[in-house]
Amino acid sequence: MIFNLQNNKWLHESVINYLSPICVNSNHWVFLFISLEKNSEKFIFIDPRGNLELDIECYFNNWKNFCKIRSDISSSYDCIQLEHAFQSDEVNCGVCVCLFASFLLDQRDDLHQFIDNETLKNFRAKIVVAQQNISSLEKVNKSDESSSEYTENEVDSDEDAENNEVNLLTSLMSDNVWENRSCSLLLMGQYRCDSPKVDISKQNEVNCNQHGHVEVACYPVQNITCQGRIYDGKTIGFYKLLKCRYVTHYSYQTTVLFSIFLGIFGFDRFYLGYYSIGILKACTFGFLLIGYLVDMILIITQNLEPADGSKYIVDYYGQILHPMKILHNLVTKRFLQRKFTNVKLKYEIDQKLLSSCYILVQIDGLNFKTFTKINNFIKPNDQSNINLMNSCSMKIFETLRDHLIYSYGFSDEFSFVFEPKTKLYDRRYNLYASLISSKFTSYYCLDWPEFFNEKMVLYPNFRSKIFLLPTKDDLISFFEARQLECGN
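- The protein goes by Probable tRNA(His) guanylyltransferase in an unreviewed UniProt entry, where it is assigned to Brachionus calyciflorus.
- According to UniProt, the comment filed for the protein under the heading Catalytic activity (unreviewed entry) is "a 5'-end ribonucleotide-tRNA(His) + GTP + ATP + H2O = a 5'-end phospho-guanosine-ribonucleotide-tRNA(His) + AMP + 2 diphosphate + H(+)".

Below is the structure:
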């Protein structure tokens, strides 16, 4: 929705819905849907992850304060939280926001249905196709405006802008764009292409151009819709460029013979099209034999190719060489390794834990309240969840049995105690912190189907803390306090 600061009016007074995506903490998209229709004003906030800890009231109060300074907008809004499905991963929040926007614009009431990965994949592809069609749609609109017989541009400018926005939004949300997409935008597996024809005598692809590309026909598979039609798998949908070897008339065998027997007089260079160097070789007897030997090696190894950029004609039984820059790659690799080592030694935090102390690694669930609500079980003492966490603890003990001596679970946390004399990972702080949390999270996700009948909708996050306890009495006091809190 566009606001004109000069005349203090809405540019489009016919707008009845306001849609606004919001990026939270620079890494997550949420969504506002505000209905401006009189007598049915609504303020709807949707978070694809269902994170109830976000400050919804802050957004709602900001909108009400904005309405108070606007005399043409009602300030009597109701803050509504609709029941909707939640994203099943950590990366598709933006796609979910666009999907919810399309549902609300179409006045659909099935936001609560589960959104699977296939739905998100198809809708993401739909957005990409629509974006690629926006540029062509704008060109069509501009050509229509230029050919119009009306001259009242200033009067109709606002109306044209509104129509353009509606057309673009319709292009994004309608199925016609999906059906009218270019066949060249099909995904791998939705089409097949012919193999380029090969000239056996030259060992190269027929009709290969000087840029090293050959055009082949591609066929959308049966029942695939693109460019406004349904294909049967036998009709050409588009042409695709493949890489190929571009050759003209230069024979590899002929060039080698010229280089060995007549290279001292520059015949090899003349044949390949390097006429200036050929004259110099002829006048200096192959640069006093040095140039003759160098050119012969370059030609035999196929590092010296024709001047027009083409490749050699090689018989079907011949060998096409691909030079390997071994020395360059080796030097580059060693240089990068040395550079990485210097940066690592200079900036890496390599804090080591004190020796002869008990290392206690405590992990606990991050935003576990939201996790349990979305996955529909009781926090924190659901019996299935307790059994699952105990199973994860036992598996960690099995993998680290030579280093762990005790573990304790309470609510959504678990503590693991390493023996004081352990030298695991040289007692490096960051490795202990990441080891337990990553193993526990992995086992939790992998063993979920054994303890819960429903599929995991939102994946858990566990953070870790490390305590150094000098004596056994300190260790006992720590767990006495945890047990007391558990009893309460």
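1. Focus on the overall build of the protein
Move 1: On a plain count of helices and strands, the protein comes out with 15 helices and 19 strands.
Move 2: By the burial criterion, 36% of the 488 residues in the protein qualify as buried.
Move 3: Excluding contacts between residues fewer than 6 apart, the proportion of contacts in the protein whose partners are at least 24 apart in sequence is 63%.

2. Some words on the packing of helix α13 (residues 383–399) against helix α14 (residues 429–451)
Move 1: Where α13 contacts α14, the two axes come as close as 9 Å, and the packing angle between them is 130°. Judged on the interaxial angle alone, α14 and α13 are oblique. Crossing handedness for the pair α13 and α14: right-handed. Between α13 and α14, the contacting residues are Ser384, Asn385, Asn387, Leu388, Met389, Ser391, Cys392, Ser393, Lys395, Ile396 and Thr399 on the first element and Ile436, Lys439, Phe440, Tyr443, Tyr444, Asp447, Trp448 and Phe451 on the second.
Move 2: The residue inventory of the contact of α13 with α14, partitioned by class, reads 10 nonpolar, 6 polar and 3 charged.

3. Overview of unusual backbone geometry
Move 1: The phi angle at Asn207 is positive, at roughly 65°, despite the residue not being glycine.
Move 2: On the secondary structure map, Asn207 appears in the loop between β9 (204–205) and β10 (213–220).
Move 3: Exposure remark for Asn207: the relative accessible area of 69% places this residue in the exposed category.
Move 4: A positive phi angle is found at Ser356, which is not glycine, with a value near 65°.
Move 5: Within the secondary structure, Ser356 is located in the loop between α11 (326–347) and β16 (358–365).

4. Description of the packing of helix α6 (residues 252–262) against helix α10 (residues 290–300)
Move 1: As a packed pair, α6 and α10 sit with axes 9 Å apart at the nearest point and diverge in direction by 165°. With respect to their mutual orientation, α6 and α10 come out roughly antiparallel. Every pair of crossing elements has a handedness; the one defined by α6 and α10 is left-handed. On the side of α6, the interface is formed by Tyr252, Thr255, Val256, Ser259 and Ile260, while α10 contributes Tyr292, Asp295, Met296, Ile299 and Ile300.
Move 2: Among the residues forming the contact of α6 with α10, the class breakdown is 7 nonpolar, 2 polar and 1 charged.

5. Describing the confidence of the model for the protein
Move 1: Across the protein, the average pLDDT comes to 78, with 74% of residues at 70 or higher.
Move 2: Looking over the protein, one finds the lowest element-wise mean pLDDT in strand β1 (residues 3–4), namely 42, and the highest in helix α7 (residues 267–272), namely 94.
Move 3: Note that residues 1–12 has pLDDT below 50 and, in this model, 25 contacts with residues that lie over four places away or in other chains.

6. Here's the deal with the state of the cysteines
Move 1: Tallying each qualifying case throughout the model produces 3 disulfides.
Move 2: Each sulfur in the disulfide pair Cys193 and Cys218 lies 1.9 Å from the other. An S-S torsion of about 100° defines the bridge between Cys193 and Cys218 as right-handed. Here Cys193, found in strand β7 (residues 191–193), pairs with Cys218, found in strand β10; they are 25 residues apart in sequence, far enough to count as distant.
Move 3: Sulfur-sulfur distance for the disulfide between Cys208 and Cys244 comes to 1.9 Å. Because the sign of the S-S torsion sets the handedness, a value of about 85° for the bond joining Cys208 and Cys244 places this disulfide among the right-handed ones. Highlighted residues: Cys208 in the loop between β9 and β10 and Cys244 in the loop between β13 (238–243) and β14 (247–251), separated in sequence by 36 residues. Comparing Cys208 with Cys244, the two get one shared label, buried.
Move 4: Taking only the cysteines that form disulfides and numbering them from first to last, the protein has the pattern 1-5, 2-4, 3-6.
Move 5: The closest cysteine sulfur to the non-disulfide-bonded Cys392 is located on Cys445, 8.6 Å from its own sulfur.
Move 6: Among the residues examined, Cys392 registers a relative accessible area of 0% and is labelled buried.

Thresholds, definitions, all that
Residues numbered from 1 in each chain as written. Predicted model: local features only at pLDDT ≥ 70, side-chain atom pairs only at ≥ 80, totals over all residues. Heavy atoms only, no water. UniProt positions renumbered as here; feature names shortened; annotations may be inferred. Helix = DSSP H or I, 4+ residues; strand = E, 2+ residues; numbered from the N terminus. Buried < 20%, exposed > 50% of the residue type's maximum accessible area, 1.4 Å probe, protein only. Contact = heavy atoms within 4.5 Å. Axes fitted to C-alpha atoms, helices over the stretch in contact; angles between N-to-C directions. Parallel < 35°, antiparallel > 145°, perpendicular 65-115°, else oblique. Left-handed = near helix turned anticlockwise from the far one by under 90°. Nonpolar A, V, L, I, M, F, W, Y, C, P; charged D, E, K, R; others polar. pLDDT = per-residue confidence, 0-100. Disulfide = S-S within 2.5 Å.

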